[in-house]
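Fold and contact review
These are the residues of each chain, in order.
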Amino acid sequence: MRGSPKHERRWASDTVPGKPTVSTGTSPGTDSNPAEEYVEVTLDLQDDNTIVLRSVEPATFINIEDGTGAETPVSVSASETRSPTIRRSSSNKILHFSQELKAEAVAKARQFSQELKAELRRFSWSHGHAAKVLSASPCNDGGGGGFESALAARALRKQRAQLDRTRSSAQKALRGLRFISNSETNGVDAWNEVQSNYEKLAKDGYLYRADFAQCIGMRDSKEFALELFDALGRRRRLKVNKISRDELYEFWSQITDQSFDSRLQIFFDMVDKNEDGRITEEEVKEIIMLSASANKLSRLKEQAEEYAALIMEELDPERLGYIEIWQLETLLLQKDTYLSYSQALSYTSQALSQNLQGLRKRGPIRRLSTRLIYFVQENWRRIWVLALWALIMIGLFTWKFLQYKQKNAFKVMGYCLPTAKGAAETLKLNMALILLPMCRNTITWLRSTRLGYSVPFDDNVNFHKTIAAAIVIGVILHAGNHLACDFPRLINSSDEVYRKYLRDDFGGQKPTYAELARGAEGVTGIVMVVLMAIAFTLATRWFRRSLVKFPKPFDRLTGFNAFWYSHHLFVLVYILLIIHGVFLYLVHKWYLKTTWMYLSVPVLLYAGERALRYFRSRSYTVQLRKVAIYPGNVLTLQMSKPSQFRYKSGQYMFVQCPAVSPFEWHPFSITSAPGDDYLSVHIRQLGDWTQELKRVFSEACERPVAGKSGLLRADETTKKSLPKLLIDGPYGAPAQDYRKYDVLLLVGLGIGATPFISILKDLLNNIVKTEQEDLESDISRTSNFSAGSNDASTHNRTSPKLKKILRTTNAYFYWVTREQGSFDWFKGVMNEVADLDQMGVIEMHNYLTSVYEEGDARSALITMVQALNHAKNGVDIVSGTRVRTHFARPNWKKVLSKLCSKHCNARIGVFYCGAPVLAKELSKLCYEFNQKGSTKFEFHKEHF
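In this text the structure is predicted, and so the values were computed from the model without any measurement.

In terms of regular secondary structure, the chain is built from 38 helices and 20 strands. Out of the 944 residues belonging to the chain, those deemed buried represent 47%. Of the contacts formed within the chain by residues at least 6 apart in sequence, a portion of 71% connects residues at least 24 apart. Total accessible area on the chain stands at roughly 48,000 Å², and carbon and sulfur atoms take up 55% of it.

This part is about the pairing of strand β15 (residues 743-749). Remember that side chains alternate between the two faces of the sheet whenever the strand is regular. Burial analysis of β15 places six of its seven residues in the buried class, which makes it a mostly covered element. Summarising the sheet, β15 and strand β16 (residues 810-817) pair through seven bridges and their orientation is parallel. In the sheet register, L749 faces β16, and the bridge partner there is V816. Here β15 runs beside strand β19 (residues 907-913); their pairing, made up of six bridges, is parallel. Following the sheet pairing, L745 is matched in β19 by V910.

A few words now on unusual backbone geometry. A cis geometry characterises the amide bond from G729 onward to P730, with omega recorded as 0 degrees. Tracing the backbone shows P730 in strand β14 (residues 726-731). Positive phi is not limited to glycine here, since A888 has a value of about 65 degrees. Relative to the elements of secondary structure, A888 occurs in the loop between β18 (885-887) and α37 (892-902). Here the phi dihedral of N905 falls at roughly 65 degrees; this positive angle occurs in a residue that is not glycine. Mapped onto the fold, N905 is located in the loop between α37 and β19. Its relative accessible area of 56% is what places N905 among the exposed residues.

On to the sheet that holds strand β11 (residues 666-669). Spatially, three strands are ordered β11-β10-β14 in an open sheet, and the strand pairing comes out antiparallel. Looking along the sheet, the strands with just one partner apiece sit at the ends: β11 and β14. On average, each strand axis in the sheet is inclined to that of its neighbour by 30 degrees, with strand direction left out of account. When strand β10 (residues 652-656) meets β11, the two strands line up antiparallel, connected through four bridges. From the neighbouring strand, F654 faces β11, where its bridge partner is P667. Packing against the sheet, helix α21 (residues 440-447) makes contact with β10 and β14, and its axis sits at approximately 35 degrees to β14.

A few words on helix α12 (residues 281-294). Spanning 14 residues, α12 covers 20 Å between terminal C-alpha atoms, matching the ideal 20 Å at 1.5 Å per step. Among the residues of α12, those classed as buried are E283, V284, I287, I288, L290, S291, A292 and A294. Next to the buried residues of α12 lie α9 (222-235), α11 (260-271), α13 (298-302), α14 (304-315) and α36 (857-873). Residue K296 follows α12 closely and has a positive phi angle near 60 degrees.

Here we come to the UniProt feature "domain: EF-hand" (unreviewed entry) in the chain. As recorded in UniProt, the feature "domain: EF-hand" (unreviewed entry) lies at residues 259-294. Along residues 259-294, the helical share is 72% and the strand share 0%, with 24 Å between the first and last C-alpha atoms.

If you look at the biggest cluster of nonpolar residues, it comprises 96 residues, and the most contacted ones within it are F179, F212 and I288. Counting residues in hydrophobic clusters, the runner-up holds 25 residues, among them L427, L429, L435 and A470.

Cross-referencing UniProt, the feature "transmembrane region" (unreviewed entry) maps to residues 383-402, 523-543, 563-587 and 743-760 in the present numbering. The annotated region residues 383-402 carries 100% helix and 0% strand content, and the separation between its end C-alpha atoms amounts to 28 Å. Measuring from the first to the last C-alpha atom of residues 523-543 gives 28 Å, for a span that is 95% helix and 0% strand.

So, about the packing of helix α7 (residues 190-201) against helix α10 (residues 245-255). At a minimum axis distance of 11 Å, the contact between α7 and α10 shows a crossing angle of 145 degrees. Relative to α10, the crossing made by α7 is right-handed. Of the residues in α10, those touching α7 at A190, W191, V194, Q195, Y198 and E199 are R245, L248, Y249 and W252. Of the residues that constitute the contact of α7 with α10, the class distribution is seven nonpolar, one polar and two charged.

Turning our attention to the packing of aromatic side chains. According to the stated counting rule, one finds 32 aromatic pairs in the structure shown. Ring geometry for F401 and Y415: centres 6.0 Å apart, planes at 20 degrees, overall stacked. Here F401 is found in helix α18 (residues 364-405), whereas its partner Y415 is found in the loop between α19 (410-413) and α20 (416-433), with 14 residues between them in sequence. We classify F401 as buried; its relative accessible area is 19%. You can call Y415 partly exposed: its relative accessible area is 47%. Arranged with centres 6.5 Å apart and planes meeting at 25 degrees, the rings of F813 and W815 form a pair that is stacked.

Along the chain, I683 turns up in strand β12 (residues 678-684). Judged by its relative accessible area of 2%, I683 is buried. Distance from I683 to N633, taken between C-alpha atoms, is 8.3 Å for residues 50 residues apart in sequence. Beyond its immediate stretch of four places on either side in the chain, I683 contacts N633, V634, L635, L637, F668, T690 and L693.

Across the seven residues that make up strand β9 (residues 634-640), a large majority, seven, are buried. Direction of pairing for strand β8 (residues 624-630) relative to β9: antiparallel, over a ladder of six bridges. Directly across from V627, in β9, lies its bridge partner L637. Connecting the antiparallel pair β8 and β9 is a turn made up of three residues, with G632 showing a positive phi of about 85 degrees. Pairing of β9 with β12 involves seven bridges; the strand directions are antiparallel. Across the sheet, the residue bridging to S640 is Y678, located in β12.

Taken in spatial order, the six strands line up as β18-β17-β16-β15-β19-β20 in an open sheet, and their pairing is parallel. Each edge of the open sheet is held by one strand with a lone partner, namely β18 and β20 (936-942). This sheet shows a mean twist of 20 degrees between the axes of neighbouring strands, independent of strand direction.

Attention now moves to the packing of α11 against α12. Direction vectors running N to C along α11 and α12 enclose 110 degrees, while the axes themselves pass 9 Å from each other. If you check the angle between α11 and α12, you find them roughly perpendicular. In this structure, α11 contributes F267, M270 and V271 to the contact, and α12 contributes E283, V284, I287 and L290. Split by residue class, the contact of α11 with α12 holds six nonpolar, no polar and one charged.

What follows is about the side chain of T524. Among the secondary structure elements, T524 is positioned in helix α27 (residues 520-539). Side chain to side chain, T524 and H580 meet in a polar contact 2.9 Å long. In this structure, T524 is in contact with L576, I579 and H580, ignoring residues within four places of it in sequence.

Together, V571, L572, I575, I578, I579, V582, F583, W590, Y591, L592, W596 and M597 give the surface a local cluster of nonpolar side chains, amounting to about 1,200 Å² of exposed area. Elements supplying a minimum of two residues to the nonpolar patch: α30 (570-582) and α31 (595-619). When residues in the nonpolar patch are grouped by element, the largest group, six residues, is from α30. Here W590 is to be found in the loop between α30 and α31.

Bringing the pattern of salt bridges into the picture now. Counted by the stated rule, this structure contains 22 salt bridges. A salt bridge links D230 to R209; the nearest nitrogen and oxygen atoms lie 2.9 Å apart. With D230 in helix α9 and R209 in the loop between β6 (207-208) and α8 (212-216), this pair connects stretches of sequence that are 21 residues apart. When its relative accessible area of 23% is taken as the criterion, D230 is described as partly exposed. For R209, a relative accessible area of 24% corresponds to the partly exposed category. Among the salt bridges present, the one from R739 reaches D762, with a minimum N-O distance of 3.0 Å.

So, how was this worked out
Residues numbered from 1 in each chain as written. Predicted model: local features only at pLDDT ≥ 70, side-chain atom pairs only at ≥ 80, totals over all residues. Heavy atoms only, no water. Helix = DSSP H or I, 4+ residues; strand = E, 2+ residues; numbered from the N terminus. Buried < 20%, exposed > 50% of the residue type's maximum accessible area, 1.4 Å probe, protein only. Contact = heavy atoms within 4.5 Å. Areas by Shrake-Rupley, 256 points an atom, 1.4 Å probe, with all protein chains shown as cover. Pairing = 2+ DSSP bridges. Axes fitted to C-alpha atoms, helices over the stretch in contact; angles between N-to-C directions. Expected span 1.5 Å × (residues − 1). UniProt positions renumbered as here; feature names shortened; annotations may be inferred. Core = buried A, V, L, I, M, F, W, Y, C linked by side-chain atoms within 4.5 Å. Left-handed = near helix turned anticlockwise from the far one by under 90°. Nonpolar A, V, L, I, M, F, W, Y, C, P; charged D, E, K, R; others polar. Phe/Tyr/Trp six-rings, centres within 6.5 Å; stacked < 30°, edge-to-face > 60°. Parallel < 35°, antiparallel > 145°, perpendicular 65-115°, else oblique. Polar contact = N/O pair within 3.5 Å; in protein donor to acceptor, adjacent residues only side chain to side chain. Patch = residues over 30% accessible without salt bridge, like charges linked within 9 Å, V, L, I, M, F, W, Y side chains within 5 Å. Salt bridge = Lys/Arg side-chain N within 4 Å of Asp/Glu carboxyl O.

Next comes the structure, spelled out in structure tokens:
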């Protein structure tokens, strides 16, 4: 219950005798037994007419007989009969307290007294286990007093817990502890689905215990479902291996019961296997291990004993050796209190008005125009580049089409000829342009110029693919019209028509179809079509990602290697294209043969880029300092940083390992910060090259010495020689522009967190640097003032620099992964941020999707242990860091809404690296929130 008490009244309400058998005394105003002692109970009367027990203390009375009027505490050994006068408060408000309210309070006290009697009688010395525990407990003073005090203390805590349950803050927790989640029922009638499963799985009219998990939709947590089955059976005093349809319905009704008390009792029964109404530490350990298994948390199983002891320490302060159902409920209700270190951002009225603004009804024309405006605002860079490119192609096609329409050959070949030649002109342009997006050094340099504002250099790969699609269309139009239309019309023309219109272009003798195909133009054209078809096919997602499966040895046609080597066929394609452009049937003057003119500059630029990469990679001398192989098949390489290698956070570099392949280069995000004296990359095994790289380094790694982690590691002291590495870069990426924004939202999926680790390190280094400069500035000003100097030039010189460093005021990092071991990859960085970020600039959120969402019974105990351990020790049990791990997936709409409310009028950069599916969702949400208020989100994405 919330609020401060309106009134406070004290009286002697209960008694605790000195005998082993506990009984209670009388209410205020009644005579007391000589063998009884008084206790003083403090109750708070709340606004909602409920009473909260605050304390129980030895009572005091005013000794009138000795004439002193002194307050004397009641002795436990008092044997003579006394006539005490209960001490009342001297407050005038209490003296004039309403008689009605007094009667109500006294009634409450009597009720509490009776409940306390019943509770204390329930526990006696006949409970051997409790006696054994109490005999070793520090609270045991050798008699019954210690045990009785422990029982009394627990009873009072139970009473307080029952009253606290009415608090509104507990209502959310009371709605939790679900056994069946919505995702498992897919939003359909759940019982109908269970019945359908029963029909498939039942044998001889019975559902066996082994099939229970699949029947109710707990396929991924079979062990948990079996324990649930046994607990439901014990409730019916049955121990069966199979159930009928009616019994299944009864089980299902209990599982899906909307009552929190019912669900809590089922959960308690799962733990309390001996049905004595108590849970021991060993039983808590078993349910932790069961929950850890259901949620694929192998490390948690190893530490189950430690966390079971932690729960017992929290819930059993009296050290009775067991806990009851109300204590388990208390831990569940107090979970949010323990998690106060990671409370969500609060909403503000301004954010609410922003959200409401987007909900106001608008007409269809207004909605359409608004969407169009914001679409243009979000994509204007892409629009103008694509529009310019399309206009140039249309212009070239139209120019060539009209030009060949005037030639004599048009009278024989018709519109097939100008169509083929118009397509050929666009092919020349696109075969030149397709090289430019792959000139990474040039693009990295152009990003830092003013062109970076108007040209979307981050979309270079997408533009490369778009041009490739246009080339495919151009090849079909050009080659198709020539082979299927122009050539047949030529050979089928009459001799008279041929001599009149085509003799000057194809010679005096009319050629056959085979002669046309065997000519230089035909051979080069057909070979180019075949080579490009191979390269384009193997570059598609199905082949490059090995989504297409072939039997051996044809499986080599899929994967990154096939894509990489097939793309080098374009070296032959460009040579053949130049030859093809020289031997033209209908063009005879050299300066009209323009293929080489289109290709010369892009080809030379690309060749220069490749030469630069070759020589630069040989000039970078790197020495491997440390190698580690983490869970999740992630290889970490830390190497020396060449003096001439300068980069920005968020950029990437290419890595080559000659021991794996002397030709292949692969890009990886740099995970070290620019201020570090080393370079590091994290490489996840996703293809054949990374698999072989991991194998090569695994052989060079050695087992760590005692006291270190169990990871495979290698460093400069390793006896085995480490493979040689070559690097090239750095190259520009969207994340490198993070300094342009007031607030950052960094979202990484799995290994997609790598580009943002460097950003977090860089921000942290800037924070530390700022604090140091602030300290130096303060010391300098202090010394200047002490010397009598009024010159504040030092301070004025420092301030602009600090403002520049701290342009980004806040950064929010969301890391979503499905494996617990993934958190080991960047554990050091997360702990470092938690320790050094005293200004609260960086806020980190880890999400583990393998754990069932909050409120699910399978993760309830894990959530409790997590909250309790973090509150006690400041460490998250899942990640092993000070950063709390959330379960299931983030609600991205809420995330952006909270950022919108906290950072009004801010420019927020949203950077994402991961699978394309989430990129679409985040992009759409940024678009929607940009229409609602003054906070603007700018979305950038990278795919791996």
